[in-house]
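Structural characterization, general
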Amino acid sequence: MASQPRILILGFGGTGYEALIELKTLFAQNPGKVPPHCGLLYFDTVAPKDHGAVSLRDVECSLLLLRDPTEMLNNPANGYLREWFPKNIKVQTAVHGAAQIRPLGRLALHAQPERVLSQITNALNILTDRARLREADDGSSIDEQGSVEVYVLASLCGGTGSG
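Residues numbered from 1 in each chain as written. Predicted model: local features only at pLDDT ≥ 70, side-chain atom pairs only at ≥ 80, totals over all residues. Heavy atoms only, no water.

Next up on the list: the packing of aromatic side chains. What the rule picks out here adds up to 3 aromatic pairs. Between Tyr 17 and Tyr 42, the aromatic rings sit 4.9 Å apart at their centres with planes inclined by 50 degrees, giving tilted as the arrangement. Residue Tyr 17 is found in helix H1 (residues 13-29), and its partner Tyr 42 is found in strand E2 (residues 38-44); the two are separated by 25 residues along the sequence. Owing to a relative accessible area of 2%, Tyr 17 belongs among the buried residues under this scheme. Measuring from ring centre to ring centre gives 6.1 Å for Trp 84 and Phe 85, while their planes differ by 55 degrees; the resulting arrangement is tilted. (Phe/Tyr/Trp six-rings, centres within 6.5 Å; stacked < 30°, edge-to-face > 60°. Helix = DSSP H or I, 4+ residues; strand = E, 2+ residues; numbered from the N terminus. Buried < 20%, exposed > 50% of the residue type's maximum accessible area, 1.4 Å probe, protein only.)

Take a look at the structure:
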């Protein structure tokens, strides 16, 4: 059997979350868990909803906090943000989500770039860990070359996912 490529699936916003839950549900049915060559990571401005039997683990979720966007936009060190943030949009916190406002979702990603990069790096480290190569129990093997396919699941119509 050919070796499986390593795959990191990133979900952004509500649509990304729903797609990851559906995918995890399919994995739970066959082969019973997320395959060792796949990693899942979800980003949103709100905590994930409880879906009962199937849920994402803490390591698979990252909450994007945007507490004071006005201060962030007015900070002279963040001048680059004002280049793309529309002046006609009422700036609000994203405590209850990006509310389908695309620039708020994008701003939430810019609010904590180190955290976002750290979460992605952590997911890649878990996915490429040598011990994970031994987890394939269906007779298949995992590509050892280190390449990772990355898929992004999001909606172009929402706030966080389209930001």
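This brings us to the sheet that holds strand E3 (residues 61-63). Reading across the sheet, the 4 strands line up as E3-E2-E1-E4 and stay open at both edges, with parallel pairing between neighbours. Edge positions in the sheet fall to E3 and strand E4 (148-153), since each of these pairs with one other strand and no more. Taking the axes of each pair of neighbouring strands and ignoring which way they run, one obtains an average angle of 20 degrees across the sheet. Here strand E1 (residues 6-12) runs beside E4; their pairing, made up of 6 bridges, is parallel. The residue bridging Ile 7 from the neighbouring strand is Glu 149, located in E4. The strands touched by H1 are E1, E2 and E4; relative to E2, the strand with the most contacts, the crossing angle is about 155 degrees. (Pairing = 2+ DSSP bridges. Axes fitted to C-alpha atoms, helices over the stretch in contact; angles between N-to-C directions. Contact = heavy atoms within 4.5 Å.)

Here helix H5 (residues 113-127) spans 21 Å end to end across 15 residues, near enough to the 21 Å set by a 1.5 Å rise per residue. Three or more residues of H5 are buried, namely Val 116, Gln 119, Ala 123 and Leu 127. When H5 is viewed along its axis, its buried side chains cluster within an angular range of 70 degrees and face the same direction. Exposed side chains of H5 directed beyond 90 degrees from the buried face belong to Glu 114 and Leu 117. (Expected span 1.5 Å × (residues − 1). Arc of directions from axis to C-beta.)

The full count for this structure, using the stated rule, is 2 salt bridges. In this structure, Glu 60 and Lys 24 form a salt bridge, with 2.8 Å as the shortest nitrogen-oxygen distance. In this pair, Glu 60 sits in the loop between E2 and E3 while Lys 24 sits in helix H1, placing the two residues 36 residues apart along the sequence. Residue Glu 60 is classed as buried on the basis of its relative accessible area, which comes to 4%. Residue Arg 57 pairs with Glu 60 through a salt bridge whose shortest N-O separation is 3.4 Å. (Salt bridge = Lys/Arg side-chain N within 4 Å of Asp/Glu carboxyl O.)

Before going further, it helps to spend a moment on the nonpolar core. Leu 10, Phe 43, Leu 66, Leu 81, Phe 85 and Leu 107 are the most contacted members of the largest nonpolar core, which has 18 residues in total. Elements with a minimum of two residues in this core: E1, E2, helix H2 (69-74), helix H3 (79-84), helix H4 (102-111) and H5. Look past the residues within four positions of Leu 107 in its chain and what remains in contact with it is Leu 66, Pro 69, Met 72, Leu 73, Leu 81, Trp 84 and Phe 85. Membership of the second largest hydrophobic core comes to 13 residues, among which are Ile 21, Val 34, Leu 40 and Leu 56. (Core = buried A, V, L, I, M, F, W, Y, C linked by side-chain atoms within 4.5 Å.)

Read these as geometric descriptors, not functional statements.
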